Amino acid sequence: MSNEQEHDERLAVPLRWWAQGTMLVATLWLTVVVAVPGPTAWIVTAVSLSLLALALWWYGDARVVVRDGWFQAGRARIEAGYVGEVAALDAEQTRLVAGRDADARAYLLLRPYIHRAVKVEVVDPADPTPYWLVSSRHPEALATALTALPRRS
């Protein structure tokens, strides 16, 4: 029986981004409808709203998953055996590790609307990446799931 815990999180953009984007498109519509009366304003607005929705969905579709002996953050994946020390960081620690104390070789999956993260050491000697820094709304749960992964002997 496995004691492995799973974690699955989508780093979706907050509702206020959707509201602000919609207001931006409404402002665009108002500008265009005054300058170009007729169906052109509606077409421009529909295309803009579609592009906005696609961009916000795509940006917020990054997933953080721990399952079946693998850790996936966005498009990157690492096998459990190469995961070293794991630390759940608060907002200040995340700011420091992503800024002043950052290593340029690190893999980052950060979202500006999520202020906490998990730092995951990479212990693969063939990988030049020293650690991953991954945004999470639930960093303690993610750290627990990563710590429960089976390690290499």
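Here the residue numbering is sequential within each chain, running from 1 through the sequence in written order. Where totals are concerned, whole chains, interfaces and linings use all residues; where local detail is concerned, this predicted model gives features only for residues with pLDDT of at least 70, and gives and counts side-chain atom pairs only at 80 or more. To obtain the side-chain values, all non-hydrogen atoms of the structure were used and water was disregarded.

**Section: the overall build of the protein**
Stated formally: Put simply, DSSP marks the helices as runs of H or I at least four residues long and the strands as runs of E at least two long, and each gets a number from the N terminus on. In this setup the radius of gyration rests on C-alpha atoms only. A globule is expected at 2.2 Å times the number of residues raised to 0.38. Residue contacts are counted whenever heavy atoms from the two residues lie within 4.5 Å of one another. Per-residue and other accessible areas were derived by the Shrake-Rupley procedure at a 1.4 Å probe size, with only the shown protein chains allowed to occlude residues. The charge count treats Lys and Arg as positive and Asp and Glu as negative. His and the chain ends do not count. Taken as the charge location is NZ of Lys, CZ of Arg, CG of Asp or CD of Glu.
Looking only at helices and strands, the protein has 4 helices and 8 strands in total. Put simply, the protein runs from its N terminus to its C terminus through helices and strands in the order β-α-α-β-β-β-β-α-β-β-β-α. The C-alpha atoms of the protein give a radius of gyration of 20 Å, which is well past the 15 Å a tight globule of 153 residues would have. Taking the principal axes of the C-alpha coordinates as reference, the protein spans close to 70 × 40 × 25 Å. For the protein, long-range pairs separated by at least 24 residues make up 73% of all intrachain contacts whose partners lie at least 6 apart in sequence. Carbon and sulfur atoms make up 61% of the accessible area of the protein, which amounts to about 9,200 Å² in all. The averaged location of the 16 negative side-chain charges in the protein is 6 Å from the averaged location of its 15 positive side-chain charges.

**Side note on the confidence of the model for the protein**
Low pLDDT means the predicted atomic positions in that stretch should not be read closely. What counts here: Per-residue confidence from the predictor is given as pLDDT, running between 0 and 100.
Overall, the predicted model of the protein reaches an average pLDDT of 93, with 96% of residues at or above 70. In the model of the protein, strand β4 (residues 76-79) stands out as the element of lowest mean pLDDT, 95, in contrast to strand β8 (residues 131-135), which has the highest, 98.

**Regarding the sheet that holds strand β1 (residues 7-10)**
Worth spelling out the cut-off: Note on pairing: two strands pair once DSSP finds at least 2 bridges between them. Angles run from 0 to 180 degrees between N-to-C directions of axes, and those axes are lines fitted to C-alpha atoms, restricted for helices to the stretch in contact.
Across the sheet, 4 strands lie side by side as β1-β2-β3-β4; this open sheet has antiparallel pairing. In this open sheet, the two strands that pair with only one neighbour each are β1 and β4. Strand after strand, the sheet turns through a mean of 10° between neighbouring axes, direction not considered. When strand β3 (residues 70-73) meets β4, the two strands line up antiparallel, connected through 4 bridges. Residue pairing across strands places phenylalanine 71 opposite isoleucine 78, the latter belonging to β4. Across the face of the sheet, helix α4 (residues 139-147) comes into contact with β1, β2 (63-67) and β3 while running at roughly 35° to β2.

**Notes on the sheet that holds strand β5 (residues 83-89)**
Here 4 strands make up an open sheet; going across it, the order is β5-β7-β8-β6 and the pairing mixed. Two strands close off the open sheet at either side, each with one partner strand: β5 and β6 (107-109). Strand-to-strand, the axes of this sheet are offset by a mean angle of 15°, without reference to chain direction. Where helix α3 (residues 91-98) meets the sheet, it contacts β5, β7 (117-122) and β8, and its direction lies at approximately 125° from that of β5.

**Topic: the side chain of threonine 94**
Note the cut-off: Classification of residues uses two cut-offs on accessible area relative to the type maximum, computed with a 1.4 Å probe and protein chains only: under 20% is buried, over 50% is exposed, and between them is partly exposed.
Structurally, the position occupied by threonine 94 is in helix α3. By relative accessible area, which is 7% here, threonine 94 ends up buried. Sequence-distant contacts of threonine 94, defined by excluding residues within four places in its chain, comprise Leu89, His115, Arg116, Ala117 and Leu133.

**As for the packing of aromatic side chains**
Threshold: Between rings of Phe, Tyr and Trp, where Trp is taken as its six-membered ring, a pair exists when centres lie within 6.5 Å; planes separated by under 30 degrees are stacked, by over 60 edge-to-face, and by other angles tilted. For a ring to carry a charge above it, either NZ of a lysine or CZ of an arginine must fall within 6 Å of the ring centroid while also lying within 35 degrees of the normal to the ring plane.
All told, the structure shown has 6 aromatic pairs when counted by the stated rule. Measuring from centroid to centroid gives 6.1 Å for tryptophan 17 and tyrosine 59, while their planes differ by 10°, and the two rings are stacked. One end of the pair, tryptophan 17, is in helix α1 (residues 15-35); the other, tyrosine 59, is in helix α2 (residues 39-59), with 42 residues separating them in the sequence. A network of ring pairs unites the aromatic residues Trp17, Tyr59 and Tyr113 as a single cluster. For the cation-ring pair, arginine 77 lies above tryptophan 70, with the distance from its terminal atom to the ring centre recorded as 4.2 Å. When the ring centre of tyrosine 59 is taken as reference, the NZ or CZ atom of arginine 111 above it lies at 4.1 Å.

**Brief notes about α3**
Our working definition: Each C-beta atom gives one direction from the helix axis, and the arc is the one those directions make. Pairs of N or O atoms within 3.5 Å make up the polar contacts considered here, provided that, within protein, one atom can donate a hydrogen while the other can accept it, and that residues adjacent in sequence are counted only when both atoms are side-chain atoms.
Taken together, the buried positions of α3 are Thr94, Leu96 and Val97. Around the axis of α3, the buried residues are gathered within 165° of arc, so they sit on the same side. As for α3, its buried residues are in contact with β5, β7 and β8. Sitting at the head of α3, aspartate 90 places a side-chain oxygen 3.1 Å from the backbone nitrogen of glutamate 92.

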